[in-house]
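A look at the structure
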Amino acid sequence: MSPAADYDDRPWLDPDAEPFIKVQSVSKHFGDFTAVDSVDLDIYKGELFCLLGGSGCGKTTLLRMLAGFETPSSGSIIIDGVNMNDVPPYERPVNMMFQSYALFPHMNVESNVGYGLRRDGIAKAEIEQRVEEMLAMVELSQFRKRKPHQLSGGQKQRVALARALIKQPKMLLLDEPLAALDKRLRVQTQYELMNIQDRLGVTFVVVTHDQEEAMTLSTRIAVMDVGRLQQIGTPTEIYEFPGSRLVANFIGNANMFEGRVIENGTDHVIVECKDPTCNFYIDHGLSIPEGSKVWVSLRPEKIRISKQAAAESGTNCIKGMVNDIGYLGGTSTYRVLVGDKHIVEVTSPNLNRPKDGNPPIDWDEEVCLGWDASSSVVLTK
Amino acid sequence: MGCFQFGGFDEMSESAERSLQGRLLHRLGYLLQRNWRSLVLFIPFFWLLLFFLAPFFIVLKISLAEAVIASPPFTPMIDWVDEGIMHIRVVIDNYAYLWEDDLYAKTYLNSLKIASISTILCLLVGYPMAYAIVRAKHTTKHVLLMLVILPFWTSFLLRVYAWMGLLADQGTINNLLIAIGVIDEPLRMLYTPFAVYVGIVYTYVPFMILPLYANMEKLDWTLLEAAADLGAKPMTTFFTVTLPMTFPGIIAGSLLVFIPATGEYVIPDLLGGGNVLMIGRILYNEFNANIDWPVASAVAIALLLLLVLPMMLYQHIQMKQNEAE
Amino acid sequence: MNNGKRSYFLITTTCFGIAFLYIPMILLVFYSFNKSRIVPVWGGFSTRWYGVLFESEEVWEAVGLSLKVATVNATFAMLLGTLAGLALVRFGRFRGRTLFSGMISAPLVMPEVITGLSLLLLFITLKEFIGWPDQRGFTTITIAHITFSMAYVAVIIQSRLTGMAQDLEEAAQDLGAKPFRVLTDITLPLLAPGMLAGWLLAFTLSLDDLIIASFVTGPGAVTLPILIYSRIRLGLRPDINALATIIILAVAIGVLLAAWIMFRQQKQRELELKMSEEV
């Protein structure tokens, strides 16, 4: 595979690629409250970009600024080379799918989907044809005469999607697109969304609080907290190389150990941890001096748990006692007490059926936890 | 293109160039579209300024004039005494008159007393009813609510009239009581303060029930269960949980009864006879019978001052409620 | 009502309350069929008072005037109240907003005697300066009624608008509708039921008003409440009982009809909802 083809998939790696959407030090204040705090963001054409964060982190405000419902207090938003600060929502080349779907209750499916085209003064015949195509795409052709209240949740969601896509926007904004659906439908719809995005090549910006959803859907994720951008990266980067303890804790679970760098090599570091007593040998280099205070993040599924009593706690190995077991069917979660008060969470696949109903590892059992050099990550903040 | 829609004025530019009329129409449409917001605001604003705010200043002005036998029966405030020397004549005699004649003071106090007692009575009747409606099952709730609202839509005057028939010396109640032998002679009820209380409670109790209902409807009733679960007896639960939670509804309902009851005219006139003095009646009589407009205006201003505090309180509550929503 | 003890108390008070509200009206209707001239003394069944009522030209004229005032008032109050409600909820902050919202809600609690007196004095002053209105009657009563009923409409519209998610209006904008277009396409159609409710309320308020009308009316313009009042001031009159019966009947039919239509719509909606779930 040539490097060029590689960049095609991941334009953010290409230094020459021009971002499609540029958010430049944008802030938004509501009175004394700062909802968005000097955010810089580049989104490339064809991306499925997720803004991820808890409630009140500013992700929705940022989305509403992209749509034009809020104006930035400072900074600028540039879409396809045009500064959008003074462009009202009805003139922006973007469309939005609302969390509530915001389907017009007094119009039927057809009128809802065709609304945007009618506002552009497009000829009737063309509107009809495009509405027809759109409804076929979301498989709602037979429901065209129904009113929104006669549709199920999933159908409403697809009408909202069709309505937002019919104007062929340069960018589609989706505010919690799956939040109103029940869990089974959500998973199915996720893949439908990805398929549609792939087919149309429209840039999607999705706001969500659901990290699984963000991981499944997106090419890249921006994690936000209290109005600030914490990290931007592909789902793998965000999960495997979180930039801070906050991101590590927000995306999935992480066991956090506090320690000091005692050896800093070119291809490895060793971190010494006092409570619990344990050394971490980690196979990536660091550009900080020896002796600095750091944290080591270790994901629960990256830890091996075994009954073989290891001699002593040492490098990439620690002794403990099982405090709690959560049996989840496919996996089990063990909460292991190491040292005096430190709890380490371990997730382990249940490869075999337990014999005679006895779990392979029991409560209050002494266990040994081990991991590889490539399993943990050093965090400096 | 080619499909003309209301509001899409730029699309009609081509045809508009043809005639003056078309151009004017286009211009008008353009103006409407550009300035419709100001228009939306201006029309009701102007209406209220002219027909609501301005009249108060006129009342204020006339209350500061002297009564004369003329048309209109009061002296002008501003006289033009030769060559444009303006002479402003302000007479506070009317207010002094209100102050000196203790008929007015008594009437004010009496109005406040009647309004307050009626408010409490309405609360005593309305609170359990609102509570019962909220706690009723779905269908019953709607039926009860409709039964409470229905009198709103019928004539206020006729509902007061109905009590004239009930309370008269030879009215239904007296006839009934005499027939079953409880009393020998008719009780005097009509044209007494009692009749006024009955009339006010009767006509205003829906104004108490509806805000209370609206307030209770939003309450989290599991709080009562929580209180009971934590060992509170029903009475304790009522005083420590229900009553404080429904307080905003109580205040809103009480003000909705108290304010109009203070200025009530019809009920004291029809049910109270000459015995019950209330400020609304004095104002009406001063104006229509005595034709003393300045004094009537002064009475109106004084009544307004009396009610300005509860009215502002009511507005404040409404605003807070709107914000909460 | 699951708690037995409490529910007895509640049921009793509610029954008494409802009886308190309705017995006077039922008696009013009952005595309208009284043969006797003395209202509360039963003299046998008769419909003669209805005949007396219908023969009275005064009554017909008053009904005509009242209906005319009520219709014109309701229409203008609906329009002005809707504009006012829109301005208050959707325009954010503007200069004079506090004054405006104060003027909108004050008529709701203003004693009628004050509103009536002040409007009359305004009309007199206006006549003095610009010669209009040269005669008080239909026009002045209607203006006075619009002034206070638009406040009620504005309140209804305000609560409708706050309840209506702004999402819909934003969605229309997002799809390319300019603000005025959003108003005509989305806001007004969704407000229509509220506007209808406002119209009906303004209509009834106008039909019901005695005090303001009697202040601002002029010679010859007698509305129905003014007529009723002038008759009952002197005591009970069986023809007024007959009139009351007709009014109560009309209101009851109107309200029940409205309730029935609403009930039907509700059922229809539920049915459609069920249908959509089955698909």
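Residues numbered from 1 in each chain as written. Chains lettered and ligands numbered in written order. Predicted model: local features only at pLDDT ≥ 70, side-chain atom pairs only at ≥ 80, totals over all residues.

A word on the overall build of chain C. Within chain C, the regular secondary structure consists of 11 helices and zero strands. For 279 residues, the compact-globule formula gives about 19 Å, and the C-alpha radius of gyration of chain C, at 24 Å, lies well above that figure. Taken along the three principal axes of its C-alpha coordinates, chain C extends 70 × 65 × 35 Å. Considering chain C as a whole, with its 279 residues, one finds that 46% of them fall into the buried category. (Helix = DSSP H or I, 4+ residues; strand = E, 2+ residues; numbered from the N terminus. Rg over C-alpha atoms; globule rule 2.2 N^0.38 Å. Buried ≥ 20, exposed ≤ 12 C-beta atoms within 10 Å, placed from the backbone.)

The next subject is the sheet that holds strand 14 (residues 293-298) of chain A. Residue and element names in this part refer to chain A. Judged by pairing direction, the sheet is antiparallel, and its five strands sit side by side in the order 13-12-11-14-20 without closing on themselves. Edge positions in the open sheet fall to strand 13 (278-282) and strand 20 (376-379), since each of these has one partner strand only. Strand-to-strand twist in this sheet, taken as the mean axis angle between neighbours without regard to direction, amounts to 40°. Two strands pair when backbone bridges link them, and strand 11 (residues 255-264) and strand 12 (residues 269-273) are joined in this way by five bridges, in the antiparallel orientation. (Pairing = 2+ DSSP bridges. Axes fitted to C-alpha atoms, helices over the stretch in contact; angles between N-to-C directions.)

All right, on to the packing of helix 4 (residues 102-135) of chain B against helix 11 (residues 247-262) of chain B then. Two packed helices can be described by the angle between their axes and the distance between those axes. Residue and element names in this part refer to chain B. At a minimum axis separation of 9 Å, helix 4 and helix 11 run at an interaxial angle of 140°. Relative to helix 11, helix 4 is oriented oblique. For the pair helix 4 and helix 11, the crossing hand works out as right-handed. Taking contact as the criterion, the partners of Ser-111, Leu-112, Ala-115, Ser-116, Ser-118, Thr-119, Cys-122, Leu-123 and Gly-126 in helix 4 are, on helix 11, Ile-250, Gly-253, Ser-254, Val-257, Phe-258, Ala-261 and Thr-262. Classifying every residue of the contact of helix 4 with helix 11 by side-chain character gives eight nonpolar, eight polar and no charged. (Parallel < 35°, antiparallel > 145°, perpendicular 65-115°, else oblique. Left-handed = near helix turned anticlockwise from the far one by under 90°. Contact = placed C-beta atoms within 7 Å. Nonpolar A, V, L, I, M, F, W, Y, C, P; charged D, E, K, R; others polar.)

This part covers the interface of chain B and chain C. Put simply, an interface is often sized by how much accessible area is lost when its parts join up. Between chain B and chain C, the residue contacts involve 76 residues of the former and 67 residues of the latter. Here the side of chain B that touches chain C gets 19 residues from one element, more than from any other, and that element is helix 2 (residues 20-63) of chain B.

The next point concerns the environment of Ala96(B). Structurally, the position occupied by Ala96(B) is in helix 3 (residues 93-100). A sequence separation of 151 residues divides Ala96(B) from Phe247(B), and the C-alpha atoms of the two residues are 40 Å apart.

Attention shifts here to helix 6 (residues 138-163) of chain C. Residue and element names in this part refer to chain C. Taking 1.5 Å of rise per residue, 26 residues should cover 38 Å, and helix 6 covers 37 Å from first to last C-alpha, within 8% of that figure. Along helix 6, the largest kink reaches about 25° and is centred on Thr-147. The buried fraction of helix 6 amounts to 21 of the 26 residues, a majority that puts the element mostly inside the structure. (Expected span 1.5 Å × (residues − 1). Bend = angle between axes of the 7 residues up to and from the residue.)

Residue and element names in this part refer to chain A. In space, the four strands of this open sheet follow the order 2-1-4-5, with antiparallel pairing throughout. If you trace the sheet from one side to the other, it starts and ends with strand 2 (33-43) and strand 5 (82-83), each paired once. Where strand 4 (residues 74-79) and strand 5 come together, two bridges link them in antiparallel fashion. When the sheet's bridge partners are listed, Ile-79 is paired in strand 5 with Val-82. With respect to the sheet, helix 2 (residues 59-67) is in contact with strand 1 (21-30), strand 2 and strand 4, its orientation differing from that of strand 2 by roughly 65°.

All names here are of chain A. Its domain assignment divides chain A into domain 1 (3-246) and domain 2 (253-379). When each unit is reduced to the centre of its C-alpha atoms, the spacing between domain 1 and domain 2 is 39 Å. The partner domain 2 presents five residues to the four residues of domain 1 that form the contact. Partitioned by chemical class, the residues of the side of domain 1 that touches domain 2 number two nonpolar, one polar and one charged. (Domains from an automatic or database assignment.)

Right, let's talk about the interface of chain C and chain A for a bit. Opposite the 22 residues of chain C that make contact, chain A presents 20 residues. Residue classes in the side of chain C that touches chain A are distributed as 11 nonpolar, three polar and eight charged.

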